[in-house]
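# Residue-level structural notes
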Amino acid sequence: MVVELISVGTELLLGNIVNTNAQYLAQQCAGLGLSVYYQTCVGDNGKRLSDAICLALTRADMVILGGGLGPTEDDITKETAAAVWGMELKEDTHTKERIQAYFHGREKNIPENNWKQAMVPSGALVLDNDNGTAPGLILEKEGKTMILLPGPPNELIPMFQESVVPYLKKKRSSALVSVMVKSSGIGESKVAAMLKDLIDNQTNPTIATYAKTGEVDIRVTASAATEKEAGKLVKPVVERIRGVLKEAVFTTDETVTLEQEVVRLLDKHGLTLVTAESCTGGLLGGRLVNVAGVSDVYKAGFITYSNKAKRKYLGVSKNTLKKYGAVSKETAKEMAKGGVFQTDADVCVAITGLAGPGGATKEKPVGLVYIACYVNDKIQVKECHFKGNRNKIREQAVICALDTVRRCILEHYHETARKQ
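What this report covers is the structure whose coordinates are included nearby.

Reading the values: rules and limits
- Residues numbered from 1 in each chain as written.
- Predicted model: local features only at pLDDT ≥ 70, side-chain atom pairs only at ≥ 80, totals over all residues.
- Heavy atoms only, no water.
- Pairing = 2+ DSSP bridges.
- Helix = DSSP H or I, 4+ residues; strand = E, 2+ residues; numbered from the N terminus.
- Axes fitted to C-alpha atoms, helices over the stretch in contact; angles between N-to-C directions.
- Buried < 20%, exposed > 50% of the residue type's maximum accessible area, 1.4 Å probe, protein only.
- Arc of directions from axis to C-beta.
- Contact = heavy atoms within 4.5 Å.
- 1 Å grid on protein atoms, 1.4 Å probe; cavity = no way out; pocket = protein on both sides within 12 Å on 5 of 7 lines; lining within 4 Å.
- Points joined across faces, edges and corners; volume = space filled by probe spheres on them.
- Nonpolar A, V, L, I, M, F, W, Y, C, P; charged D, E, K, R; others polar.
- Patch = residues over 30% accessible without salt bridge, like charges linked within 9 Å, V, L, I, M, F, W, Y side chains within 5 Å.
- Areas by Shrake-Rupley, 256 points an atom, 1.4 Å probe, with all protein chains shown as cover.
- Salt bridge = Lys/Arg side-chain N within 4 Å of Asp/Glu carboxyl O.
- Lys, Arg positive; Asp, Glu negative; His and termini not counted.
- Charge placed at Lys NZ, Arg CZ, Asp CG, Glu CD.

Before going further, it helps to spend a moment on the sheet that holds strand β16 (residues 368-375). Read from one edge to the other, the open sheet built from 5 strands follows the order β14-β13-β15-β16-β17, with strand pairing classed as mixed. The open sheet has two free edges, formed respectively by β14 (298-303) and β17 (378-385), since each of these has just one partner strand. With direction set aside, neighbouring strand axes in the sheet form an average angle of 10°.

A separate point is helix α5 (residues 93-103). Side chains that are three or four residues apart share a direction in an α-helix, a result of its 3.6 residues per turn. Every buried residue belonging to α5 is among Thr95, Ile99 and Phe103, and all of these are buried. One face of α5 carries all of its buried residues, which in axial projection span an arc of 70°. Facing away from the buried side of α5 by over 90 degrees, the exposed positions are Thr93 and Ala101. Its buried side turned inward, α5 meets β6 (125-127). Of the residues one or two after α5, Gly105 is the one with positive phi, at around 85°.

Turning next to empty space enclosed by the protein. Per the stated rule, a full pass over the model turns up 3 cavities of 30 Å³ or more. Counted as a void, the largest cavity has a volume near 70 Å³. Lining the largest cavity, in full, are Thr95, Arg98, Ile99, Leu127, Asp128, Asn129, Gly132, Thr133, Ala134 and Pro135. Broken down by element, the residue count for the lining of the largest cavity peaks at 3 residues, all from α5. Classifying every residue of the lining of the largest cavity gives 4 nonpolar, 4 polar and 2 charged.

On to the environment of Val347, then. Assignment of secondary structure puts Val347 in strand β15 (residues 347-353). Given a relative accessible area of 0%, Val347 falls into the buried group. Excluding its chain neighbours within four sequence positions, the residues that come into contact with Val347 are Leu266, Leu271, Thr272, Leu273, Val274, Val340, Cys373, Tyr374, Val375 and Val405.

Attention shifts here to a positive patch on the surface. On the surface, Lys308, Arg311, Lys312, Lys318 and Lys322 cluster together to form a positively charged patch. Mapped onto the secondary structure, Lys312 falls in helix α12 (residues 307-314).

Judged by how many residues are buried, strand β3 (residues 62-66) sits mostly within the fold: 5 of 5 residues are covered. Residues Met62, Ile64 and Gly66 point to one face of β3 and Val63 and Leu65 to the other, with burial holding for every one of them. Where strand β1 (residues 2-8) meets β3, 5 bridges bridge the pair, whose relative direction is parallel. Note on β3: the bridge partner recorded for Ile6 is Leu65. Bridge analysis of β3 against strand β8 (residues 144-149) gives 5 bridges, and the strand direction is parallel. From the neighbouring strand, Leu65 faces β8, where its bridge partner is Leu148.

A separate point is the layout of surface pockets. Taken as a whole, the largest pocket holds about 900 Å³ of empty space. Along the walls of the largest pocket sit 30 residues, with Gln27, Gln28, Met180, Arg219 and Glu254 positioned nearest its centre. Within the residue set of the lining of the largest pocket, elements represented by two or more residues are α2 (20-31), α6 (153-171), β9 (175-184), β10 (206-212), β11 (215-224) and α10 (258-268). Among the elements that make up the lining of the largest pocket, the one with the highest residue count is α2 (6 residues). Taken together, the residues that form the lining of the largest pocket break down as 10 nonpolar, 9 polar and 11 charged. Taken as a whole, the second largest pocket encloses approximately 450 Å³ of empty space. Those elements giving two or more residues to the lining of the second largest pocket turn out to be β1, α1 (10-13), α2, β3 and α6. The element contributing the most residues to the lining of the second largest pocket is β1, with 4 residues. By residue class, the composition of the lining of the second largest pocket is 15 nonpolar, 14 polar and 5 charged.

Dropping the structure here:
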């Protein structure tokens, strides 16, 4: 089944809002085995939106539209879609009751324009919105489908998951199972080379790689008569990928982030963590505290941007800074060691580097970053050479630091298990 995505909203065209809905819907369609060949973004203009819908219907089996279902005059997606197929708008009693219930206790008088949202195309399947007042809609005609979803992500995403996914699964002639193998600390080209035989000989399941900053995801997707049969096809391929990439794989759960996996490992082994940051200025700590439950394992974070701060808070020696400089493996090691001694944590990861654009020398170019990790009296230091602007270098350093902590913990406990 071929799907086309249309994002509606002048604010998207002007760049006032980042179009995260298109990214989300494209990923979800890929996971469901639906082919997305085109994406369109159109403003709140009836003629241009109508043209976009008509064109999409000529080259896709299904068109998913996001946005333009609100109560204002420039919210015209529903009206335009209905006009394209000649559908009359009628009041939906169920939706009207839900709008009343939504405003109950919030506003004494319901704004008159909200009743516009209770008008739906005749014959449409109405999708309840548990997070707003605009219902979603599914329109079908002559083998084609249009799915209309509200624009706010906190409305679109749950509606898609709760109502659209079950609908799409019923539309499929076969079952599809997809597993995402997520890896870090290894580049996309190397992953592709290591998995070349699998990728070159793929049929069912299919294998696709997706590169992100510091990570490479590998999606394995199989089609079969039932989900159970498709799962049986996926499982051995996932295991082969894990066997090839080994410790680079950190999860096969698409919802798990690298920082979540680090927190999970710390909690599993009863370890506490402290961070010591220079060039990343707290970005690493910020990533960690996004994880629910991190307070059980994360003791403290030091931002020691200046040499004076490195000496005062982490105990980096004056001689080390003078002889080797702030950006050096020696300083990184002392930062990691100092973080542990200051807090009595089990693990410390330290970052020091040159994010640029200034301050570089021939010996120490922009992008040079040292990451040190202390785990139970053992310190490892990694020298990295990142490319990109200041923000990109800092982002790469954070991801590399998370991956370094993860690998150091795995290595320590593998060694411990072998010794026992």
